[in-house]
Amino acid sequence: MASKVVSFSGSWLSPSSVVGKRYTKSTPLSSAATVIPPRTSSLRPAAQSQRATWLPGLEPPPHLDGSLSGDFGFDPLGLGEDPKDLKWYVQAELVHCRFAMAGVAGILTTDLLRVTGIRDLPVWYEAGAVKFEFANTSTLFIIQMLLMGFVETKRYMDYVTPGSQAMEGTFFGIEDALEGSEPGYPGGPLLNPLGLARDVDSARDWKLKEIKNGRLAMVAMLGFFVQANITHTGPVENLIAHVSDPWHKTVIQSLVGS
């Protein structure tokens, strides 16, 4: 069987900073766990000092050398100074970005259907209390715990040993249908039907777009939380109220009135 780059595609996340050996389906786990070299800077000192940072003119910290997707030198608390911690934070940010993007899309869609009267839906922060007719809450909770537990376990195993969860026989024999370019970026006909990010250059662009949109989504989710706590309405209703009276229905008036 011809060798190919493989990764665990049942997961949504994994550190984008992992580089090293091309894994094959015959690669033993013990070998895969020992071939990851330390990350080195891909930028020369002059280029690194001139690259874009989150605060113009700010010198980025040494451990953020521009090799990570979306690296703008933001780490005021120095949380990523340890390479192991940085690897984990990269992974954590990626999964939070993806969950935030899914959450924002779901909240806006259901809120728009509710406000326009197309569907009789609860406001997003009360949706968890709804009782469904097709299954009781305990059943849904157990199913979610089993499914999420399985995926998260596989994700963590792939984080510890990149490439191990894409080896033959590790995912019900459908590893090829989920094969991606590297851990955390699944592909194949099931998860990448349009064939995006097949080459290195396009993959770099898509990773940057994903992390930027994910960070924006996390900020939006924070805004939704604050809106729900202060105005007790959904984001679409808040937007309609502001547009109808932009000089008196603002964030400041809402905070003062609360």
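Residues numbered from 1 in each chain as written. Predicted model: local features only at pLDDT ≥ 70, side-chain atom pairs only at ≥ 80, totals over all residues. Heavy atoms only, no water.

## Quick word on the pattern of salt bridges
Here the idea is simple: oppositely charged side chains can pair when their charged atoms come close.
So, step 1. Across all of its chains, the model carries six salt bridges by this definition.
So, step 2. Residues glutamate 93 and arginine 215 are paired through a salt bridge, measuring 2.7 Å at the closest nitrogen-oxygen approach. Of this pair, glutamate 93 sits in helix H3 (residues 83–115) while arginine 215 sits in helix H6 (residues 200–231); the two residues are 122 residues apart in sequence, bridging distant segments of the chain.
So, step 3. A single salt-bridge network, built from bridges that share partners, covers Asp111, Arg114 and Glu237. (Salt bridge = Lys/Arg side-chain N within 4 Å of Asp/Glu carboxyl O. Helix = DSSP H or I, 4+ residues; strand = E, 2+ residues; numbered from the N terminus.)

## Considerations on the UniProt feature "binding site: chlorophyll b" (unreviewed entry) in the protein chain
So, step 1. What UniProt calls "binding site: chlorophyll b" (unreviewed entry) maps, in this numbering, to Arg98 and Leu178.
So, step 2. In this structure, arginine 98 sits in helix H3.
So, step 3. Accessibility expressed as a relative area gives 10% for arginine 98, which makes it buried.
So, step 4. Turning to its location among the elements, leucine 178 is positioned in the loop between helix H4 (137–160) and helix H5 (188–191). (UniProt positions renumbered as here; feature names shortened; annotations may be inferred. Buried < 20%, exposed > 50% of the residue type's maximum accessible area, 1.4 Å probe, protein only.)

## As for the UniProt feature "binding site: chlorophyll a" (unreviewed entry) in the protein chain
So, step 1. If you check UniProt for "binding site: chlorophyll a" (unreviewed entry), the listed places come out as Glu93, His96, Lys209, Glu210, Asn213, Arg215, Gln227 and His242 in our numbering.
So, step 2. When sequence neighbours within four positions are dropped, the list of residues in contact with glutamate 93 reads Ile211, Arg215 and Met218.
So, step 3. A distance of 2.6 Å separates the side chain of glutamate 210 from the side chain of arginine 98, its partner in a polar contact. (Contact = heavy atoms within 4.5 Å. Polar contact = N/O pair within 3.5 Å; in protein donor to acceptor, adjacent residues only side chain to side chain.)

## Brief notes about the nonpolar core
So, step 1. Core analysis: the largest hydrophobic core is formed by nine residues, namely Ala100, Val104, Ile107, Val123, Trp124, Ala217, Met221, Phe224 and Ala228.
So, step 2. Of all the secondary-structure elements, those providing two or more residues to this core are H3 and H6.
So, step 3. Looking at which element gives the most residues to this core, the answer is H6, with four residues.
So, step 4. Ignoring anything within four residues of it in the chain, the contact list for isoleucine 107 reads Trp124, Met221, Phe224 and Pro235. (Core = buried A, V, L, I, M, F, W, Y, C linked by side-chain atoms within 4.5 Å.)

## Things to note about the confidence of the model for the protein chain
As a general rule, the predicted coordinates of low-pLDDT regions are not to be interpreted in detail.
So, step 1. Residues with a pLDDT of 70 or more make up 79% of the protein chain, whose mean pLDDT is 78.
So, step 2. Mean pLDDT per element in the protein chain: helix H1 (residues 29–32) is the minimum at 42, and H3 is the maximum at 94.
So, step 3. Across residues 1–38, confidence stays below pLDDT 50; counting only partners more than four residues off in sequence or on other chains, it has 95 contacts.
So, step 4. Residue range residues 40–46 is modelled with pLDDT below 50. Its contacts to residues more than four positions away, or to other chains, number nine contacts. (pLDDT = per-residue confidence, 0-100.)

## Some remarks on the packing of H3 against H4
So, step 1. With their axes 12 Å apart at the nearest point, H3 and H4 run at an angle of 145° to one another. Between H3 and H4 lies a crossing of right-handed hand. Residue-level inspection shows Lys84, Lys87, Trp88, Gln91 and Phe99 of H3 in contact with H4, the latter providing Met148, Arg155, Tyr156 and Tyr159.
So, step 2. Classifying every residue of the contact of H3 with H4 by side-chain character gives five nonpolar, one polar and three charged. (Axes fitted to C-alpha atoms, helices over the stretch in contact; angles between N-to-C directions. Left-handed = near helix turned anticlockwise from the far one by under 90°. Nonpolar A, V, L, I, M, F, W, Y, C, P; charged D, E, K, R; others polar.)

## With respect to the packing of H3 against helix H7 (residues 235–244)
So, step 1. As a packed pair, H3 and H7 sit with axes 8 Å apart at the nearest point and diverge in direction by 65°. Seen from H3, the contacting residues are Ile107, Leu108, Asp111, Leu112, Arg114 and Val115; seen from H7, they are Pro235, Val236, Glu237 and Ile240.
So, step 2. For the contact of H3 with H7, the residue count by class is seven nonpolar, no polar and three charged.

## As for unusual backbone geometry
So, step 1. In this structure, histidine 232 is a non-glycine residue whose phi angle is positive, near 60°.
So, step 2. Structurally, histidine 232 can be placed in the loop between H6 and H7.
So, step 3. The exposure class of histidine 232 is exposed, given its relative accessible area of 55%.

## Side note on a nonpolar patch on the surface
So, step 1. On the surface, Leu77, Leu79, Trp88, Tyr89, Tyr156 and Val160 cluster together into a nonpolar patch covering about 620 Å² of accessible area.
So, step 2. Contributions of two or more residues to the nonpolar patch are made by H3 and H4.
So, step 3. Examined against the element boundaries, tryptophan 88 turns out to sit in helix H3. (Patch = residues over 30% accessible without salt bridge, like charges linked within 9 Å, V, L, I, M, F, W, Y side chains within 5 Å. Areas by Shrake-Rupley, 256 points an atom, 1.4 Å probe, with all protein chains shown as cover.)

## A short note on the packing of aromatic side chains
So, step 1. Throughout the structure, instances matching the rule amount to six aromatic pairs.
So, step 2. Judged by centre distance (5.5 Å) and plane angle (45°), the rings of phenylalanine 132 and phenylalanine 134 are tilted.
So, step 3. Taking relative accessible area as the criterion, phenylalanine 132 reaches 43% and is therefore assigned partly exposed.
So, step 4. Each ring, one from tyrosine 156 and one from tyrosine 159, has its centre 6.1 Å from the other, and the planes form 35°; the classification is tilted. Separated by three residues within a single helix, tyrosine 156 and tyrosine 159 lie in helix H4, roughly one turn from each other.
So, step 5. On the basis of relative accessibility, which here comes to 43%, the residue tyrosine 156 falls in the partly exposed class.
So, step 6. Through a chain of ring-to-ring contacts, the aromatic side chains of Trp88, Tyr156 and Tyr159 assemble into a single cluster. (Phe/Tyr/Trp six-rings, centres within 6.5 Å; stacked < 30°, edge-to-face > 60°.)

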